[in-house]
Amino acid sequence: MTFTAPIQLPGLALDPQWYRRAVFYEVMVRSFVDSNGDGAGDLQGLVSKLDYLQWLGIDALWLPPFFNSPLRDGGYDVSDFKTILPEFGTLDEFRDLVTKAHERNMRIVMDYPLNHTSDAHDWFQQSRSDPEGPYGDYYVWSDTDEMYKDIRVIFVDTEESNWTFDTERRQFFFHRFFSHQPDLNFENPAVQQEVFDTVRYWFDMGVDGLRLDAIPYLFESEEGNGEGEPKTHEFIKRLRKMVDTEYPGKVLIAEANQWPAEVAQFYGTDEEPECHMAFDFPTMPRIFYSLRSQQAGELERVLSEHTHIPEGAGWGVFLRNHDELTLEMVNEEYRQAMYGWYAYDPRMRANIGIRRRLAPLLDNSRAELELAHALLFSLQGSPFLYYGDEIGMGDNIWLPDRDSSRTPMQWTPDRNAGFSTADPGKLYLPVVQSLVYNYQHINVESQLAQSRSLLHWIRNVIHVRKGHPTFGLGSLRVLKTNHESVLAFVREYEGSGSQFGDMPERVLCVFSFAHNPVSVTIDASEYTGQALYDLFGGGQFPDVAEDGTITLTLGTQSFYWLHVGEAHFAGGRV
Ligand SMILES: OC[C@H]1O[C@H](O[C@H]2O[C@H](CO)[C@@H](O)[C@H](O)[C@H]2O)[C@H](O)[C@@H](O)[C@@H]1O
Ligand SMILES: [Ca+2]
């Protein structure tokens, strides 16, 4: 497979707001391409697919952890923050990945699980054996398991307590996640220094950003619940200051699975900023809720209430990632409804969520996949795709934990889906062979050969999005409609860079979640008399009526992106 790249000078384009315009792609190194036939994906394999990612329109890669690790939590159990797991490659190969990505104007964001380490980390081993030594105070130790009673357990499927007794040190250690992942003691200045050193180490290597994993949980206190404690925010502010001073242009992304007002705190303030971006956890489950309930109300509410964030900050929006589809940000009633629709087999559940991939969740419905992606690409924030979702890859719920949706990328109908030349039994996880999602028909090669495939559709939408800076940089305002299944909002951007020159750019986005065709009237009084043009084909729609309304007909689970403005839009499909 060869991909023709758009003509562009090699190298990173200078753009201080790059993360707000970017389309991100989460790719697990282990799952993408195996270059040496040992059964596991690696850095060289990823390098070999950069042309594909560039062709798709990806601007930045998010790589989950590839550090040395026993891999008991997909690499989020790190045993050395400054080396790479040999099966993934070497530091030189990582530098090569950064260089080759930058040559394609593609940035590299890596995951940094700073809250904890693996129990195999040398720091923890020394902390156990030598409490008075240099690492004795690197972790949170206690003679009892009585401290921090108000701090909830996150991994409820496997852990009963946040404390585990260590038979060597004969004390309990604290852990927010698995009991093999002891929490670092952020009260210790030496631990804070280690974090600063690690950030400098990877930024010096050319990395463009860090996803700060599990960021709310750095500090604990008896007064708080261990989530976003004041000391955690103070620490992030100091980290950001260092980044702005020493590494301008590089970004910090908060992974804080919390309610909007709490997540927004991880942006800090204009005067004292924290992270440049934060994932939008509350919006994501409401997209799935709307698709089945046929009600747009919950999405309307959460989008209307979008919290103020500092100038230059941006949201990260997503449909799926390497974890379960978390239902922590919906109430119990909605959670039960979601389990009923999406996790009818108990094997599909994990912790407080659903461990399935996007296409199986949406029952492989092309209309729903398009609707969900159209939302993803037009919400306020930068979209994050999960590898394989661009071809509608399936999952394997017979695999344990979140491995169900971390199976090898499906490139071709050949052996091991073109992922590896290894003996199939040697693969780190088997390729998907289910009836509907079998790699012999769900793969990149076959979708490249079909012009109407999901892959081509997603690429087209990405390229349309890129022609309109309002999607990355503009505001979002929800409009009233007279249909409970229809969501409408306007994205508006006053700046320059669009195909309309320096004029403000407005795009009206309308989505119908109804399972039948509907007619809807939208209140657009601010735009009375303005012309409407379809962003994909350039087709003209009736102008906004004199009474300030727009009446549209939408097919089952469908959407429009309509340019609002003077009648001079040239349009055209990319
Ligand atoms: O390193 C431990 C975990 O850290 C991240 O966890 C996040 O995912 C959890 C669900 O799997 C979620 O409930 C929690 O709020 C998050 O912080 C990471 O993404 C996980 O893969 C990892 O196991
Ligand atoms: Ca390999």
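Looking at an unreviewed UniProt entry, one finds the protein chain named maltose alpha-D-glucosyltransferase, with Glaciihabitans arcticus as its source organism. UniProt lists a comment for the protein chain under the heading Sequence similarities (unreviewed entry), and it reads "Belongs to the glycosyl hydrolase 13 family. TreS subfamily."

To continue, consider the environment of Arg406. In this structure, Arg406 sits in the loop between strand 15 (382-386) and helix 15 (444-448). Taking the relative accessible area as the measure of exposure, Arg406 reaches 5% and is therefore buried. Note: C-alpha distance between Arg406 and Asn321 (85 residues apart in sequence) is 9.4 Å. Filtering out sequence-adjacent residues up to four positions away, Arg406 remains in contact with Met28, Ser31, Gly74, His322, Asp323, Tyr386, Tyr387, Tyr428 and Leu429. A polar side-chain atom of Arg406 sits 3.5 Å from a polar atom in the side chain of Asp323.

With that out of the way, let us pick up empty space enclosed by the protein. As enumerated under the stated definition, the model contains five cavities of 30 Å³ or more in all. In this model, the largest cavity occupies a volume close to 380 Å³. What lines the largest cavity is a set of 29 residues, and nearest its centre among them are Phe155, Phe177, Glu255, Asp323 and Arg402. Of the residues contributing to the lining of the largest cavity, the split by class is 13 nonpolar, seven polar and nine charged. If you count residues domain by domain, the lining of the largest cavity takes at least three from each of domain 1 (18-115 + 189-464) and domain 2 (116-183).

Further remarks concern the environment of Leu358. Relative to the helices and strands, Leu358 is located in helix 13 (residues 358-361). With 209 residues separating them in the primary sequence, Leu358 and Lys149 have C-alpha atoms 36 Å apart. If we ignore the near neighbours within four places in the chain, the residues touching Leu358 are Phe288, Leu319, Arg320, Leu369, His373 and Asp389.

Right, let's get into unusual backbone geometry. Of note, the phi angle at Tyr148 is positive, near 55°, even though the residue is not glycine. Within the chain, Asp401 stands out as a residue other than glycine whose phi angle is a positive 50°. By secondary structure assignment, the location of Asp401 is in the loop between strand 15 and helix 15.

Let's shift gears to the sheet that holds strand 16 (residues 475-479). Spatially, six strands are ordered 16-17-18-23-20-21 in an open sheet, and the strand pairing comes out antiparallel. Among the strands making up the open sheet, the edge pair consists of strand 16 and strand 21 (540-541). Inspection of the sheet shows strand 20 (residues 531-534) paired to strand 23 (residues 559-565) by four bridges, in the antiparallel sense. If you follow Ala531 over to strand 23, its bridge partner there is Gly565.

The next point concerns the site of ligand 1. Taken together, 18 residues are adjacent to ligand 1, and Asp73, His116, Asp213, Asp323 and Glu324 come closest. The separation between an oxygen atom of ligand 1 and a polar side-chain atom of Glu255 is 3.0 Å. Glu324 places a polar side-chain atom, nitrogen or oxygen, 2.8 Å from an oxygen atom of ligand 1. Taking 480 Å² as the accessible area of ligand 1 by itself, protein coverage stands at 98%. At a threshold of 2 Å from the grid points, most atoms of ligand 1 map onto the largest cavity. A per-class count over the shell around ligand 1 returns six nonpolar, four polar and eight charged. Of the domains in this structure, domain 1 (18-115 + 189-464) and domain 2 (116-183) are the two that each give at least three residues to the shell around ligand 1.

On to the side chain of Asn162. Secondary-structure assignment places Asn162 in the loop between strand 6 (141-142) and strand 7 (163-166). Among residues more than four places away in sequence, those in contact with Asn162 are Ile151, Arg152, Val153, Phe173, Phe174, His175 and Arg176.

Our next topic: helix 16 (residues 454-466). Given a rise of 1.5 Å per residue, 13 residues ought to cover 18 Å, and the 18 Å separating the end C-alpha atoms of helix 16 matches this to within 8%. Taken as a whole, helix 16 has its buried residues at Leu454, Leu455, Trp457, Ile458, Asn460, Val461, Ile462, Val464 and Arg465.

With that settled, consider the sheet that holds strand 7. Taken in spatial order, the three strands line up as 6-8-7 in an open sheet, and their pairing is antiparallel. If you trace the sheet from one side to the other, it starts and ends with strand 6 and strand 7, each paired once.

Parameters at a glance
- Residues numbered from 1 in each chain as written.
- Chains lettered and ligands numbered in written order.
- Predicted model: local features only at pLDDT ≥ 70, side-chain atom pairs only at ≥ 80, totals over all residues.
- Heavy atoms only, no water.
- UniProt positions renumbered as here; feature names shortened; annotations may be inferred.
- Helix = DSSP H or I, 4+ residues; strand = E, 2+ residues; numbered from the N terminus.
- Buried < 20%, exposed > 50% of the residue type's maximum accessible area, 1.4 Å probe, protein only.
- Contact = heavy atoms within 4.5 Å.
- Polar contact = N/O pair within 3.5 Å; in protein donor to acceptor, adjacent residues only side chain to side chain.
- 1 Å grid on protein atoms, 1.4 Å probe; cavity = no way out; pocket = protein on both sides within 12 Å on 5 of 7 lines; lining within 4 Å.
- Points joined across faces, edges and corners; volume = space filled by probe spheres on them.
- Nonpolar A, V, L, I, M, F, W, Y, C, P; charged D, E, K, R; others polar.
- Domains from an automatic or database assignment.
- Pairing = 2+ DSSP bridges.
- Near = heavy atom within 4 Å.
- Areas by Shrake-Rupley, 256 points an atom, 1.4 Å probe, with all protein chains shown as cover.
- Sits in = over half its atoms within 2 Å of the grid points.
- Expected span 1.5 Å × (residues − 1).

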